[in-house]
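If you want the building blocks of each chain, they are given just below.
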Amino acid sequence: NAPGVFAAVDIGASSGRVMLGRVSPESGVSLETVHRFPNGVVEIDGGLRWNFDALFAEVLAGLRTAATVAAGQGERIASIGIDTWAVDYGLVDAGGNLAAQPFSYRDDRSRAAVEPVHRTLDPERLYATTGLQFLQFNTIYQLATEPDLGGLQALLIPDLIAFLLTGARRTEATNASTTGLFDAVAGEWATEFMAALGLRKDLFPPLIQPGEAYGALLPAMAEEVGLPSGTLVVAVGSHDTASAVAAVPADTNGDGGDFAYVSSGTWSLVGLELLHPVLTEASREANFTNERGVDGTIRYLRNIGGLWLLSECQRTWASEGFQPDLTALLAAAAALPSGGPQINADDPYFIAPDNMPERIRAAVRRTGEVLPNDPAAITRCIMDSLAAGYARTLADAERLADRSVGVVHVVGGGSQNALLCQLTADATRRPVIAGPVEATALGNVLVQARAAGAVTGGLPELRRIIAAGASLRRYEPAGFPVTASQN
Ligand code: ADP
Ligand code: LRH
């Protein structure tokens, strides 16, 4: 009675994939990508939104392919897990219909809602309970822009997908912790904040924890994707960063704070894993978040800007007829001398999608320096700025949480960026261990595997399984990326 294979649906801001994960406690997790599709914000009905209907169609297409691939190999899909980016939500009516395509956190509408929300709930009070980093697009501010929530329920994006697949309305806890309406200590909804803002306390459905099942596929969905109708959709760390952190291949005893991570993709999430939130005023001033991780851990981190800066530059350059290969672009950037101009990668000025090269050059001009209009120089500026931001954030995390770490793990798409990894090692003066690229999908699969009884243990044991199967690269500080070690 083999436990079977696990289907992971992982949708990031720049791309999505459906993967099959095969798990062995000894040799690790192997992932097979069965479907991949691009993602990005789109202008719909006068706002920046996600084309959710198209994404859901890709999810179904991916699950259909997964079913075919598994059946072809005589395997059974034991369950499906879903993760996506955080904070955004869809509104559904009593009949379960989506009222509109969900807004993206990049839409500017929430900025104007910050002040009115803070007039009702001041930032000190919000932080003391939620421990959430202030970002103008946190769900709490987005909700304040909604003209009429009557009769509607809010489902975070992974929960919305799970709802359409199973009919179950739940809110997965790691993602709930990014809303600004979640109590970081109690691990429950902060209903007093909902009441203060005039939001119904059942605006979001009840919480579900990673490892619990939303339910089985609805018969129509099962038929649509070619899977048995008993196939379970299991909650994972549905916040992609929670799944990624769960799969950091760190050698840890699970007591918290003994390694640092950078989840490097569209955004950079830089921090520590702790067992208790840090809700001090100093932590608020440094704008650190205490989001929930798998197994009730705290992701004590800061979201600083990420590779969005580069992908947006690439988009602008492509529209101007210049489409350099990413590897060549990074090599040209690496050949430039260090010590060039830097920007604050974290500046909200960079949130919106519009002529990024020029905005970066303008930000440099404001510091009194000059950045040439040259893709290699702009790329180098982004990498120097991100690495410096990672080092500053790590130092802050260590100070605020009173911890000291010896190693920095970089996971996600950015772990393939050798220039960024080396600059990070240099700036943090710590060895960097890069990989896995697909940490998020790996974390998604492992939480499902544990729920199915295919593996056992807490996060330290799960991380050992990841490390057993991962091919990692180590970068020493102030050197060259020469030690490619299979681990
Ligand atoms: P998200 O989950 O936010 O969509 P990913 O973790 O998939 O993001 O990371 C995407 C980023 O990874 C890209 O923007 C790109 O900069 C980087 N990346 C992807 N492939 C490579 C590569 N081969 N070399 C260097 N960087 C890469
Ligand atoms: C990364 C991420 C991050 C959030 C942002 C909105 O994909 O989930 O953790 O801060 O998107």
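None of the values given here were measured: they were computed from a predicted structure.

1. Here we look at the overall build of the chain
Along the chain, the regular secondary structure elements total 17 helices and 21 strands. Taken over the C-alpha trace, the chain has a radius of gyration of 21 Å; the compact-globule value for 487 residues is 23 Å, and the two agree within 12%. Along the longest, intermediate and shortest principal axes, the C-alpha atoms of the chain span 60 × 55 × 50 Å. Counting every position in the chain, which comprises 487 residues, the buried fraction comes to 52%. Restricting to contacts in the chain with at least 6 residues of sequence separation, those with at least 24 account for 73%.

2. Focus on the site of ligand 2
Near ligand 2 you find 14 residues, and of these W85, A86, T241, W267 and N303 are the closest. Looking at the shell around ligand 2, the elements with two or more residues in it are α9 (240–246) and β16 (267–274). The residue inventory of the shell around ligand 2, partitioned by class, reads seven nonpolar, six polar and one charged.

3. Here we look at the UniProt feature "domain: Carbohydrate kinase FGGY C-terminal" (unreviewed entry) in the chain
Mapped onto the present numbering, the UniProt feature "domain: Carbohydrate kinase FGGY C-terminal" (unreviewed entry) falls on residues 260–452. Helix makes up 46% of residues 260–452 and strand makes up 17%, while its end C-alpha atoms are separated by 29 Å.

4. Examining the UniProt feature "domain: Carbohydrate kinase FGGY N-terminal" (unreviewed entry) in the chain
When the UniProt feature table is mapped to this numbering, "domain: Carbohydrate kinase FGGY N-terminal" (unreviewed entry) covers residues 8–245. Along residues 8–245 the backbone is 31% helical and 26% strand, and the end-to-end C-alpha distance reaches 16 Å.

5. Some details on the sheet that holds strand β6 (residues 77–84)
Strand order in this open sheet of six strands is β3-β2-β1-β6-β14-β13, and the pairing throughout is mixed. Each edge of the open sheet carries a strand with a single partner, namely β3 (28–38) and β13 (213–216). For this sheet the average axis-to-axis angle between neighbouring strands, irrespective of direction, equals 20°. Most of the contacts of helix α5 (residues 157–166) go to β6, to which it runs at about 145°, and overall it touches β1 (5–11), β6, β13 and β14 (232–234). Set on the sheet, helix α16 (residues 439–451) makes contact with β1, β2 (15–24), β3, β6 and β14; between it and β1 the angle comes to about 140°.

6. Quick word on α5
Taken across its 10 residues, α5 has nine buried, putting it largely inside the fold. Taken together, the buried positions of α5 are occupied by I157, P158, D159, L160, I161, A162, F163, L165 and T166. Just past α5, the residue G167 takes up positive phi, approximately 85°.

7. Some details on the environment of F134
Assignment of secondary structure puts F134 in the loop between α3 (123–130) and α4 (139–143). Among the residues examined, F134 registers 15 C-beta atoms within 10 Å and is labelled partly exposed. With 20 residues separating them in the primary sequence, F134 and V114 have C-alpha atoms 9.7 Å apart. In contact with F134, other than residues within four places in its own chain, are P123 and N287.

8. Points about the pairing of β16
When you tally the buried positions in β16, you get eight out of eight residues, the bulk of the element. Where strand β15 (residues 260–264) folds back onto β16 in an antiparallel hairpin, the turn is made up of two residues.

9. Considering helix α17 (residues 459–469)
Among the residues of α17, L459, L462, R463, I465 and I466 are the ones counted as buried. Down the axis of α17, the buried set is contained in an arc of 155°. They therefore lie on one face. Where α17 is buried, its residues meet β3, α9 and α16.

10. Quick word on the nonpolar core
Inside soluble globular proteins, nonpolar side chains tend to come together where they are buried. Within the largest apolar cluster, 147 residues are counted, with the highest numbers of intra-cluster contacts made by A7, L309 and L446. A total of 14 residues in this core trace back to one element, the largest contributor, which is helix α14 (residues 375–401). Contact partners of A7, with chain neighbours within four places excluded, come to V18, L20, L63, A66, I77 and I80.

11. Section: the packing of helix α12 (residues 326–334) against α14
Think of two packed helices as two axes; the pair is described by the angle between the axes and how far apart they sit. For the pair α12 and α14, interaxial distance at closest approach is 8 Å and the crossing angle is 80°. In this view, α12 runs roughly perpendicular relative to α14, as classed from their interaxial angle. In this structure, α12 uses L329, L330, A332 and A333 to contact α14, whose residues at the interface are P375, A376, T379, R380 and M383. Counted by class, the contact of α12 with α14 contains seven nonpolar, one polar and one charged residues.

12. Observations concerning the sheet that holds β15
In space, the seven strands of this open sheet follow the order β17-β18-β16-β15-β19-β20-β21, with mixed pairing throughout. Sheet topology places β17 (289–292) and β21 (473–475) at the edges, where each strand pairs with a single neighbour. Taking each pair of neighbouring strands and ignoring which way they run, the sheet shows an average axis angle of 30°. Examined bridge by bridge, β15 and β16 share five bridges and lie antiparallel to one another. Along β16, the bridge assignment pairs S264 with S268.

13. Some details on the packing of helix α11 (residues 308–319) against α14
For the pair α11 and α14, interaxial distance at closest approach is 10 Å and the crossing angle is 165°. Taken as axis vectors, α11 and α14 run roughly antiparallel relative to one another. Seen from above, α11 lies across α14 with right-handed handedness. Of the residues in α14, those touching α11 at L309, L310, C313 and W317 are P375, I378, T379 and I382. Residues that form the contact of α11 with α14 fall into these classes: seven nonpolar, one polar and no charged.

14. Quick word on the pairing of β6
Along β6, eight of the eight residues are buried, which leaves the element largely enclosed by surrounding structure. The pairing of β1 with β6 spans seven bridges and is parallel. Pairing of V5 across the sheet is with I77, part of β6. Note: β6 against β14, three bridges, orientation parallel. Bridged to G81 within β14 is V234.

How each quantity is defined
- Residues numbered from 1 in each chain as written.
- Chains lettered and ligands numbered in written order.
- Predicted model: local features only at pLDDT ≥ 70, side-chain atom pairs only at ≥ 80, totals over all residues.
- Helix = DSSP H or I, 4+ residues; strand = E, 2+ residues; numbered from the N terminus.
- Rg over C-alpha atoms; globule rule 2.2 N^0.38 Å.
- Buried ≥ 20, exposed ≤ 12 C-beta atoms within 10 Å, placed from the backbone.
- Contact = placed C-beta atoms within 7 Å.
- Near = placed C-beta within 6 Å.
- Nonpolar A, V, L, I, M, F, W, Y, C, P; charged D, E, K, R; others polar.
- UniProt positions renumbered as here; feature names shortened; annotations may be inferred.
- Pairing = 2+ DSSP bridges.
- Axes fitted to C-alpha atoms, helices over the stretch in contact; angles between N-to-C directions.
- Arc of directions from axis to C-beta.
- Core = buried A, V, L, I, M, F, W, Y, C linked by C-beta atoms within 7 Å.
- Parallel < 35°, antiparallel > 145°, perpendicular 65-115°, else oblique.
- Left-handed = near helix turned anticlockwise from the far one by under 90°.

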